[in-house]
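A look at the structure
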Amino acid sequence: MDLICPYCEAKMEDPDDNINHNVSDHEWRCGYCDKNFIFSVEYEPIYTSHQVPCLNGEPHDYQPATNVNYVICRHCHKAKLKEAI
Ligand SMILES: [Zn+2]
Ligand SMILES: [Zn+2]
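The paragraphs below set out a description of the structure included in this document. Every value quoted in this text rests on a predicted model; they were computed, and no experiment measured them.

Remark on secondary structure: sheet strands pair via backbone hydrogen bonds, oriented parallel or antiparallel. Taken together, the 3 strands give an open sheet; going across it, the order is S5-S6-S7, and neighbouring strands pair in antiparallel fashion. The two strands at the open ends of the sheet, each matched to only one other strand, are strand S5 (62–64) and strand S7 (79–81). In this sheet, neighbouring strand axes are inclined to one another by 40° on average, regardless of whether the strands run parallel or antiparallel. Sheet topology note: the strand S6 (residues 70–73)/S7 ladder contains 3 bridges and is antiparallel. Pairing of Tyr70 across the sheet is with Leu81, part of S7.

Spelled out as structure tokens, the structure:
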């Protein structure tokens, strides 16, 4: 990933080690034309996985959903119509 100065289009060294990942905008000074600019970082998508027992033969664990007519499984997030009592 290259950071390009928006003024002189010089390629910066990868600033990755020096930036605070908790903020999206970073102030930077171009070492070539000495102008300050702001850059933001976009990251590759990160995949997270977790165990889903109800996709492996266990019963769904239904919880009340935002829509009162439905319950939603807290593991697989599948909704189903609430059964009439
Ligand atoms: Zn520059
Ligand atoms: Zn489920």
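Moving on: the packing of aromatic side chains. Scanning all chains against the criterion turns up 1 aromatic pair. Plain terms: the ring middles of Trp28 and Phe39 are 5.7 Å apart, the flat faces sit at 75° to each other, and that makes the pair edge-to-face. Placement of the pair is Trp28 in strand S3 (residues 25–29) and Phe39 in strand S4 (residues 36–40), with a sequence separation of 11 residues. Positioned above the aromatic ring of Tyr7 is the side chain of Lys35, whose terminal nitrogen or guanidinium carbon lies 5.5 Å from the ring centre.

A few words now on the coordination of the zinc ion (ligand 1). Coordination of the zinc ion (ligand 1) by the protein comes from Cys5 (SG), Cys8 (SG), Cys30 (SG) and Cys33 (SG), over a distance range of 2.3 Å. Classification of the site at the zinc ion (ligand 1) rests on its 4 donor atoms, whose angles at the metal span 106 to 114°, yielding the label tetrahedral. One chain supplies every donor for the zinc ion (ligand 1), spaced along it as C-x2-C-x21-C-x2-C. Exposure remark for Cys8: the relative accessible area of 35% places this residue in the partly exposed category.

Reading guide: rules and limits
Residues numbered from 1 in each chain as written. Chains lettered and ligands numbered in written order. Predicted model: local features only at pLDDT ≥ 70, side-chain atom pairs only at ≥ 80, totals over all residues. Heavy atoms only, no water. Pairing = 2+ DSSP bridges. Helix = DSSP H or I, 4+ residues; strand = E, 2+ residues; numbered from the N terminus. Axes fitted to C-alpha atoms, helices over the stretch in contact; angles between N-to-C directions. Phe/Tyr/Trp six-rings, centres within 6.5 Å; stacked < 30°, edge-to-face > 60°. Lys NZ or Arg CZ within 6 Å of the ring centre and 35° of its normal. Donors = N, O, S within 2.8 Å, 3.2 Å for Na, K, Ca; no water. Tetrahedral: all angles 85-135°; square planar, octahedral: opposite > 155°, others 65-115°. Buried < 20%, exposed > 50% of the residue type's maximum accessible area, 1.4 Å probe, protein only.

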